[in-house]
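Chains, contacts and geometry: an overview
Each chain is listed here by its residues.
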Amino acid sequence: MKKIIAGFLIAFSFSSIAQTNAPKVKTANGIVRGATDGESVIFKGIPYAAPPVGEFRWRPPQPVKNWEGELDATKQCKDCAQAGWGPNAPKMNPNSSEDCLFLNVWKPANATESSKLPVMVWIYGGGFTGGSASSPQNYGHALNKNGVILVNINYRLGRMGYFAHPALSKEHPNEYKGNYGFMDQIAALQWVQKNIAAFGGNPNNVTILGFSAGGVSVHSLLTIPATKGLFHKVISHSGGGRDGVLTGRPINKEDVDVFYKVSAETIGVNFAKSKGIEGTDAADLAKLRAMPADSIIDGGRETNGANGPRIYSGPIFDGKLVTQTAETAYLTGKQPKMPMMIGNCSAEIGGAFVSSAKTKEELFASFGDLVTEVKVAYDADGNKTFNEVITKFNTDWVWGEPARMAARATLAKGSPAYVFQFGYVPVVAQQRSPYGAGHGSDISFAFNTLNARWGSTAEPTDAEKELARVMCAYWANFAKTSNPNGEGLPKWPLYNNQNQDMLDIEIDGKIIAKPDPRKARFDVVENAMKNRGKIQSRGI
């Protein structure tokens, strides 16, 4: 027994010493205790808002309560409530929770309050229905080595994050409604402004960056008036930019948007009825708030049965927080002046993602009076397969041409824009991905986290490691100075409307600066936007 007690005391002593020597930072709400990992210090699971549960479900994020002593920030927080994966998945992923408004901070181990390092805030993708601030693909070790602090944020998803209902619109009439995920992102950026200096960051040099839905969020945050002063540069990976792609569904108007004909409130009522809640008064809202979280997530169902009424809205055009779509802002010059880096992968997705066309001829015919132009741009010799054409069309329609639109709008404001296309595909995967890189292939290269990249367990090659080193340096340099270029890096040209110069990372990984080879395709897509309702089969 004495040996057991002695062993316990020794272990307790080492634990106490470790906690005493652990890195600590005093935030506005209390002290957080992190952990050193190589050349980085990591703080995990820091709350930036109160738990959005009970009466605060479907309310703007509420202030965090101060805590006494030290908050253990060495353990990952749960992801925001979302559906499970796989054929026999539960209604809600067990590693997710409604109590999820946390963020992670990665800082260089030698950073002090006087360092004033640039800050990057990562917004994950996942279609606004999934995602995680704790994915190893987005760890900050390499960015820290490049002299940048990284903050990864959670935000509410699915019906927890984007939901409207007549009873919600009636209560607390002065509060923003519907876009609780965007409100969370804004609250996290407000936390950064208040606290990041204590970690060694510069609150006056904050870059937001995101992928897919996170890239859409970047466009939305840039054009939401309430974000003024919260960030200073933007990077969008595969984030679209035009209407009809994860953009605002009208909150209470029917049949006014070509892609989102049913209002968000009607969809909220549809969902309530699917759960046996028929009314639209305060008592019915109380019943919705009393439902367990997994019943709200409900396996991620977006319609009530096959071809049934829609029960999930996605982001909402509410007129108060979201006062304009990003496309409207860009085309009218109403976005703030801000440097932008923007791009996408070269073969994002195939199939019936945008159009329901089954053949090249059917797709081209949907372009109406532009049929000749679209044939020349996508299949001049008439020998391309439908799979290649539809993959390039999807990529250009949803991501490529909208990125050009956003870059042009950035230039028109007098700010620099840098455009990229990521096309690298490992040799072993080129048979499976013959047309280029798919959605998200660039992310592990930008973060230099190749051992965590999607769909690959192979050890990175020396060439891949060099590509990741260069890309991570570009991203860090942009966060520092608004210019990705630096010593030892291939020159990345500033985008311009004449040559449309961009950085093309080709299928073999070569980095080439050149005029955009997609210009002819983008031109026909841009001209076809006037008939988008005839070409795009649905709101994405």
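Residues numbered from 1 in each chain as written. Predicted model: local features only at pLDDT ≥ 70, side-chain atom pairs only at ≥ 80, totals over all residues. Heavy atoms only, no water.

**A look at the packing of helix α5 (residues 180-195) against helix α6 (residues 213-223)**
Rules: To obtain each axis, a line is fitted to C-alpha atoms, and for helices this fit is confined to the stretch in contact; angles are then taken between N-to-C directions over 0 to 180 degrees. Going along the chain from the N terminus, every DSSP run of H or I of four or more residues is numbered as a helix, and every run of E of two or more is numbered as a strand. When describing relative orientation, an angle under 35 degrees is termed roughly parallel and one over 145 degrees roughly antiparallel, while 65 to 115 degrees is termed roughly perpendicular and anything else oblique. Contacts are assigned to residue pairs with any non-hydrogen atoms lying within 4.5 Å of each other. Side-chain classes follow a simple rule in which Ala, Val, Leu, Ile, Met, Phe, Trp, Tyr, Cys and Pro form the nonpolar group, Asp, Glu, Lys and Arg form the charged group, and the remainder, Gly included, forms the polar group.
With their axes 11 Å apart at the nearest point, α5 and α6 run at an angle of 70 degrees to one another. If you check the angle between α5 and α6, you find them roughly perpendicular. On α6, the residues that touch Phe182, Gln185, Ile186 and Leu189 of α5 are Ser217, Ser220 and Leu221. Per-class residue counts for the contact of α5 with α6 are 4 nonpolar, 3 polar and no charged.

**Overview of the sheet that holds strand β11 (residues 201-211)**
What counts here: We treat two strands as partners when DSSP finds at least two bridges between them.
With mixed pairing, 11 strands are arranged side by side in an open sheet as β3-β4-β8-β10-β9-β11-β12-β15-β16-β17-β18. Since the sheet does not close on itself, it has two edges, and those belong to β3 (35-37) and β18 (511-515), each with one partner. Strand-to-strand twist across the sheet, computed as the mean angle between neighbouring axes with direction ignored, equals 20 degrees. The strands touched by helix α13 (residues 386-412) are β15 (340-345) and β16 (417-422); relative to β15, the strand with the most contacts, the crossing angle is about 165 degrees.

**Thoughts on the environment of Val470**
Put simply, the test is: Accessible area is worked out with a 1.4 Å probe on protein chains only. A residue is then buried under 20% of its type maximum, exposed over 50%, and partly exposed in between.
With respect to the helices and strands, Val470 occurs in helix α15 (residues 462-481). Since its relative accessible area comes to 3%, Val470 is described here as buried. Once residues lying within four places of it in the same chain are set aside, the contact partners of Val470 are Leu489, Pro490 and Ile511.

**Thoughts on the sheet that holds strand β1 (residues 24-27)**
Overall, mixed pairing links the 3 strands, which are arranged β1-β2-β5 in an open sheet. The two strands at the open ends of the sheet, each matched to only one other strand, are β1 and β5 (70-72). Averaged over all pairs of adjacent strands, the angle between strand axes in this sheet comes to 30 degrees, irrespective of strand direction. Where strand β2 (residues 30-33) and β5 come together, 3 bridges link them in parallel fashion. Bridging from a neighbouring strand, Arg33 pairs with Asp72 of β5.

**Quick look at empty space enclosed by the protein**
Where we set the bar: For each structure, a 1 Å grid was placed over the protein atoms alone; sets of points admitting a 1.4 Å probe that cannot get out are labelled cavities, open sets with protein on both sides within 12 Å along at least five of seven lines are labelled pockets, and lining residues have an atom within 4 Å of a point. Grid points are joined across faces, edges and corners, and a volume is the space filled by probe spheres set on the points.
Under the definition given, this model contains 5 cavities of 30 Å³ or more. Lining the largest cavity we find 18 residues, and of these Ser220, Thr247, Gly248, Thr325 and Ala326 sit closest to its centre. Per element, the largest residue contribution to the lining of the largest cavity is 4 residues, and it comes from α6. Classifying every residue of the lining of the largest cavity by side-chain character gives 8 nonpolar, 10 polar and no charged.

**A word on the nonpolar core**
To keep things clear, this is the line we draw: To qualify as a nonpolar core, a set must consist of buried Ala, Val, Leu, Ile, Met, Phe, Trp, Tyr and Cys residues joined through side-chain atoms within 4.5 Å.
Val105, Val151, Phe231 and Trp475 are the most contacted members of the largest nonpolar core, which has 127 residues in total. The greatest single-element share of this core, amounting to 11 residues, is contributed by α15. With sequence-adjacent residues up to four places away left out, Val105 is seen in contact with Val41, Ile42, Phe43, Ile46, Ile149, Leu150, Val151, Trp191, Ile196 and Phe199. Counting 23 residues, the second-largest nonpolar core is a separate cluster that includes Phe353, Ala377, Tyr378 and Ile390.

**Quick look at the confidence of the model for the chain**
What counts here: pLDDT is a per-residue confidence score from the predictor, ranging from 0 to 100.
Averaged over every residue, the pLDDT of the chain is 95; residues scoring 70 or more account for 96%. Element-level pLDDT for the chain is lowest in helix α1 (residues 2-21), with a mean of 50, against a maximum mean of 99 in strand β9 (residues 117-123).

**Topic: the environment of Ala463**
Secondary-structure assignment places Ala463 in helix α15. The class of Ala463 is exposed, set by a relative accessible area of 58%.

**A look at the pairing of β15**
Residues in a regular strand point their side chains to alternate faces of the sheet. With respect to burial, β15 is a largely interior element, 6 of its 6 residues being buried. Strand direction decides the pairing type here: strand β12 (residues 233-237) and β15, joined by 4 bridges, are parallel. Across the sheet, the residue bridging to Ser236 is Ile342, located in β15. One ladder, built from 6 bridges, connects β15 with β16; its direction is parallel. In the strand pairing of β16, Gly343 is matched with Phe420.

**Topic: the packing of aromatic side chains**
Heads up, the rule is: To pair, rings of Phe, Tyr and Trp, with the six-membered ring standing in for Trp, must have centres within 6.5 Å; the planes then decide the type, stacked if under 30 degrees apart, edge-to-face if over 60, and tilted in the middle. Note on geometry: a ring has a charge over it if NZ (lysine) or CZ (arginine) is within 6 Å of the ring centre and within 35 degrees of the ring normal.
By the definition in use, this model includes 22 aromatic pairs. Taking the centre distance of 4.4 Å and the plane angle of 20 degrees together, the rings of Trp58 and Phe163 count as stacked. In this pair, Trp58 is assigned in the loop between β4 (40-47) and β5 and Phe163 in the loop between α3 (158-161) and α4 (166-170), connecting sequence segments 105 residues apart. Residue Trp58 is classed as buried on the basis of its relative accessible area of 1%. Ring centres 4.5 Å apart and planes at 15 degrees place the aromatic pair Tyr124 and Tyr155 in the stacked group. Pair noted here: Tyr124 is in the loop between β9 and α2 (141-145) and Tyr155 is in the loop between β10 (149-153) and α3, with a separation of 31 residues, a long-range link. In this structure an aromatic cluster arises from ring pairing among Tyr418, Phe420, Tyr474, Trp475, Phe478 and Trp492. The residue whose ring lies beneath Arg57 is Trp58, and the NZ or CZ to ring-centre distance is 5.6 Å.

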